[in-house]
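# Per-entry structural report
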Amino acid sequence: MVRLSMYASGKYSSRGPALIPRMKTKHRIYYITLFSVVLLGLIATGMFQFWPHSIESTADWGLDRRSVHDAPLVRLPVSNPIPERGDLSCRMHTCFDVYRCGYNPKNRIKVYIYPLQRFVDEVGVPISSTGLSREYNDLLSAISDSEFYTDDVTRACLFVPSIDVLNQNSLRIRETAQALAMLPRWDKGMNHLLFNMLPGGPPDYNTALDVPRDRALLAGGGFSTWTYRQGYDVSIPVYSPLSADVELPERQPGPRRFFILSSQTAIHREYRAELERLKEENGEALLLLDKCSNLSQGAASARKRCYKGQVFDYPQILQESSFCVVLRGARLGQATLSDVLQAGCVPVILADSYILPFSEVLDWKRASVVIPEEKLPEMYTILKSIPHRQVEEMQRQARWFWDAYFSSMKAIGMTTLQIINDRIYPYAARTYEQWNNPPLVKWSSVNSPLFLPLIPPRSPGFTAVVLTYDRIESLFRVITEISKVPSLAKLLVVWNNQNKSPPEDSLWPKIAVPLKVVRTKENKLSNRFFPYDEIETEAVLAIDDDIIMLTSDELQFGYEVWREFSDRLVGYPGRLHLWDHEMGKWKYESEWTNEVSMVLTGAAFYHKYFNYLYTYKMPGDIKNWVDAHMNCEDIAMNFLVANITGKAPIKVTPRKKFKCPECTAIDGLSLDQTHMVERSECINKFASVFGTMPLKVVEHRADPVLYKDDFPEKLKSFPNIGSL
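Residues numbered from 1 in each chain as written. Predicted model: local features only at pLDDT ≥ 70, side-chain atom pairs only at ≥ 80, totals over all residues. Heavy atoms only, no water.

A grouping of Phe530, Tyr612 and Tyr616 is seen on the molecular surface, where their side chains present a nonpolar patch of about 310 Å² in accessible area. Mapping Tyr616 onto the fold places it in helix H16 (residues 609-616). Tyr616 sits in the partly exposed class, given a relative accessible area of 49%. (Patch = residues over 30% accessible without salt bridge, like charges linked within 9 Å, V, L, I, M, F, W, Y side chains within 5 Å. Areas by Shrake-Rupley, 256 points an atom, 1.4 Å probe, with all protein chains shown as cover. Salt bridge = Lys/Arg side-chain N within 4 Å of Asp/Glu carboxyl O. Helix = DSSP H or I, 4+ residues; strand = E, 2+ residues; numbered from the N terminus. Buried < 20%, exposed > 50% of the residue type's maximum accessible area, 1.4 Å probe, protein only.)

As structure tokens, then:
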């Protein structure tokens, strides 16, 4: 409207010189004045018409822009309906309308926040003694600033009331329930989300919010297995106010001044008696703190802890211990858990039936130790049995959990919404690795470098690449065994001997798939990972010319596993890297253990994309170092894949022995006495070049489902899996 008026003004002035001289002066002044008034009126109208909408659309929930005192007053008649207490049988498919979320290209739910209102009863008493808390205001502000937010109620998938129920202690239960029922879109709580951190009240302290809430989802701090509706509610942490007031710098993992520390001040006397007994038995290794009786009560005393007159700063003292005890109090959920994670101290959680925060997506075994309450007397022994390396990884993971998911009300709110979003759009959900792996080893913006379908097609099969030098008899046996695998598409022999020609064509085994021989120009171990044009399949089986013991069933099963995990190394011989605390460096371990961090490429499936990365994108001088030392090309490939994907390899089948029965010490590289020493040097060298240790330690193995069952062999898909 304003632009049209200005355009009309320009048009008038361009014709004006021809017309105005014909007018009388008083008429000319009259028309100019009239036009100016009209023009100013149009401009003013446009400004008043558009400005309010602009302000409303950008307004956030910060106290500096919106105050609870400015919100409209709503009186609650005594006769107003009260919602039902809450349906414990609710699940996403029964109490949530996913069709309201609809389809959108970004696979993101839309969240609507109700306008702020002041609810009072008939005599004017508020439903809450605190009104809108700073924490809830921060939460609403974070949602309104996020990509989840919409101010269009018709587009909303999820509704968040502006009624603060974080702390049940401040609420009038009946009146709060009536206020919820008055919300325009309540509809028995369908698609509504409530946030509560301090549920229940004396004397029983229920583990879920006591406010009747119909079918509403509850993001609650302190759920027990009795009140938590799995897959519907979201277990959230109890926010610690110290998170905003105290900044603890991240501390490097490692041994600390104390082994175990207890800092809670209001724990049950039986638990405290047991902790004191542990203190007597283990001396200085355990620090048992309590509130300071010689300090005046207030904010300053809340940040102090004492032991026999000695005063410690809290939460800073938590960084001085390897493990920190988190015991249940009157409520299951404790803000101490957040303080402990921030300090990088491994929480030792003793709270039976407690649903840990965000346990739907977070793997708490990687960041904490959960001990049954009855095992408290054995706590010291249990913790002492955990290896140093694992403790350091848990310390690192604990701090990362706090940074990512606990550090602010925004982090808690966004994590809650993302979990609900993943339920509604499961095909676009975050993976286990995205939720649980710190982004330290990702030097790519994508998690998988393959850009493939979720499962590569079965039809192309795999290409077996056999690296050989001059062991003809063993090579032919390997070719014969591999040719029996149903999914074999092609067999490629990399002839690494420049002083001797490969056998004549007539001497090679007759197999049903193409067999190609590639002669290399130089004897290098890295030749096995060159991206040969002859490799046309996505899957590659790297195998040595002396691995004659693997059966066709074992190889076929390994390929089937790789199809489901095509961005990983899937192999048979497993190895482990360990940290040698005495030597202060990494160590290569080939003994049989429960843990695996590498699979050797003497028999392993991987995606051919990694051949390209190994040949052309390997960091530093690793590739040249491998070729010069004639060792560790398999370790280098494990480092490369783990660093790209952030994932551990997968060992398949139980077989552990891979030595060639007919081979002598002269025949094989891996039997040289200096070989193991060099392998440890390789790990330290590669970790230095990569600038981190990307290898992941796991304790699992993939086996066919029925391979050990007492079941007819003809009904098993892989009957000949072999033995150790």
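Below, the discussion takes up the state of the cysteines. Enumeration according to the criterion identifies five disulfides in this entry. Note on cysteine connectivity: Cys90 is disulfide-linked to Cys95, with sulfurs 2.0 Å apart. Because the torsion about its S-S bond is -80°, the bridge between Cys90 and Cys95 counts as left-handed. (Disulfide = S-S within 2.5 Å.)

So, about the environment of Gly329. Mapping Gly329 onto the fold places it in the loop between strand E12 (321-327) and helix H9 (336-342). When the C-alpha positions of Gly329 and Gln264 are compared, they lie 9.0 Å apart, and in sequence the two are 65 residues distant.

On the secondary structure map, Thr150 appears in the loop between helix H4 (134-144) and strand E4 (158-160). A polar contact is formed between the side chain of Thr150 and the backbone nitrogen of Asp152, at a distance of 3.1 Å. Ignoring anything within four residues of it in the chain, the contact list for Thr150 reads Lys110, Val111, Tyr112, Arg155 and Ala156. (Polar contact = N/O pair within 3.5 Å; in protein donor to acceptor, adjacent residues only side chain to side chain. Contact = heavy atoms within 4.5 Å.)

This paragraph deals with the pattern of salt bridges. All told, the structure shown has 31 salt bridges when counted by the stated rule. As a salt-bridge pair, Glu281 and Arg277 come within 2.1 Å of each other at their nearest N and O atoms. Of this pair, Glu281 and Arg277 both sit in helix H7 (residues 269-282), four residues apart, roughly one helical turn. For Glu281, a relative accessible area of 52% puts it in the exposed group. Of the residues examined, Arg277 reaches a relative accessible area of 30% and is grouped as partly exposed. For Lys524, the salt bridge identified is with Glu522, shortest N-O distance 3.5 Å. Each of Asp121, Arg172 and Glu175 takes part in salt bridges that share partners, so that together they form one network.

This paragraph deals with the sheet that holds strand E15 (residues 462-468). Pairing within the open sheet is mixed, and its eight strands lie in the order E17-E16-E15-E18-E23-E19-E24-E25. Every other strand in the sheet has two partners, leaving strand E17 (515-519) and strand E25 (701-702) as the edge strands with one partner each. Across five bridges, strand E16 (residues 488-495) lies against E17 in parallel orientation. Paired with Leu491 across the strands is Leu515, a residue of E17. Contacts between helix H14 (residues 472-482) and the sheet are confined to E15, E16, E17 and strand E18 (539-544), with E16 contributing the most and set at about 165° to the helix. Sitting on the sheet, helix H15 (residues 552-564) is in contact with E15, E18, strand E19 (570-571), strand E23 (603-607), strand E24 (650-652) and E25, with an inclination near 30° to E23. (Pairing = 2+ DSSP bridges. Axes fitted to C-alpha atoms, helices over the stretch in contact; angles between N-to-C directions.)

Relative to the assigned elements, Glu373 resides in the loop between strand E14 (369-370) and helix H10 (379-384). The buried category is assigned to Glu373, whose relative accessible area is 14%. Looking at Glu373, its side chain comes within polar contact range of the side chain of Tyr271, at 2.4 Å. When sequence neighbours within four positions are dropped, the list of residues in contact with Glu373 reads Tyr271, Arg328, Leu350, Ala351 and Asp352.

Take the pairing of strand E21 (residues 585-589) next. The pairing of strand E20 (residues 574-580) with E21 spans five bridges and is antiparallel. The residue of E21 that forms the bridge with Trp579 is Trp586. The hairpin formed by E20 and E21 contains four residues between the paired strands, and Gly584 there has a positive phi angle of roughly 70°.

With burial as the criterion, each face of strand E5 (residues 193-196) is covered, one bearing Leu193 and Phe195 and the other bearing Leu194 and Asn196. Strand direction decides the pairing type here: E5 and strand E6 (residues 217-220), joined by four bridges, are parallel. Bridge assignment links Phe195 to a residue of E6, and that residue is Ala219.

Next up on the list: unusual backbone geometry. Each neighbour pair has its own omega, and for Pro202 with Pro203 the value is 5°, a cis peptide bond. Tracing the backbone shows Pro203 in the loop between E5 and E6. The residue after Tyr314, namely Pro315, is reached through a cis peptide bond having omega 15°. For Pro315, the location among the structural elements is in the loop between strand E11 (310-313) and E12. In this structure, Asp214 takes a positive phi of about 55° despite not being glycine. As for its placement among the helices and strands, Asp214 is situated in the loop between E5 and E6.

Quick look at the UniProt feature "coiled-coil region" (unreviewed entry) in the chain now. Taking the UniProt record as the reference, the feature "coiled-coil region" (unreviewed entry) is found at residues 261-288. Summarising residues 261-288: 50% helix, 18% strand, and an end-to-end C-alpha distance of 6 Å. (UniProt positions renumbered as here; feature names shortened; annotations may be inferred.)

With that out of the way, let us pick up the packing of aromatic side chains. A full pass over the atoms with the stated rule returns 29 aromatic pairs. When the ring of Phe223 is compared with that of Tyr228, the centres are 5.4 Å apart and the planes differ by 55°; the resulting orientation is tilted. For Phe223, a relative accessible area of 1% gives the class buried. Its relative accessible area of 14% is what places Tyr228 among the buried residues. Here the aromatic rings of Trp579 and Trp586 are separated by 4.9 Å at their centres, their planes lie at 75°, and the arrangement is edge-to-face. You can call Trp586 buried: its relative accessible area is 18%. Among the aromatic residues, ring-to-ring pairing joins Phe358, Trp364, Trp400, Phe401, Tyr405, Phe406 and Trp435 into one connected group. Positioned over the ring face of Phe259 is Lys384, at 4.5 Å from the centre of the ring. It is Arg430 that lies over the ring of Trp435; its NZ or CZ is 4.4 Å from the centre. (Phe/Tyr/Trp six-rings, centres within 6.5 Å; stacked < 30°, edge-to-face > 60°. Lys NZ or Arg CZ within 6 Å of the ring centre and 35° of its normal.)

Here three strands make up an open sheet; going across it, the order is E21-E20-E22 and the pairing antiparallel. Each having just a single partner strand, E21 and strand E22 (598-599) make up the two edges of the open sheet. Relative to E22, E20 is paired through two bridges, and the arrangement is antiparallel. Residue pairing for E22: Gly574 is matched across the bridge by Val599. Most of the contacts of helix H19 (residues 675-690) go to E21, to which it runs at about 135°, and overall it touches E20, E21 and E22.

The next thing to look at is the confidence of the model for the chain. Mean pLDDT over the chain stands at 84; residues scoring 70 or higher make up 82%. Low pLDDT, under 50, characterises residues 43-65; the predicted model gives this stretch 26 contacts beyond four residues in sequence or across chains. Note on residues 441-449: pLDDT is under 50 here. Beyond four places in sequence and across chains, it has 19 contacts. (pLDDT = per-residue confidence, 0-100.)

What follows covers H16. Every buried residue belonging to H16 is among Phe610, Asn611, Leu613, Tyr614 and Thr615, and all of these are buried. Structurally, H16 contributes buried residues whose contacts are with E18, E23, helix H17 (622-629) and helix H18 (633-645).

Positionally, Tyr354 belongs in the loop between strand E13 (346-350) and E14. Under the relative-accessibility criterion, Tyr354 is labelled buried at 13%. Expressed as a C-alpha distance, the spacing of Tyr354 and Arg328, which sit 26 residues apart in the sequence, is 8.7 Å. When sequence neighbours within four positions are dropped, the list of residues in contact with Tyr354 reads Gly222, Phe223, Leu332, Gly333, Leu337 and Ile349.

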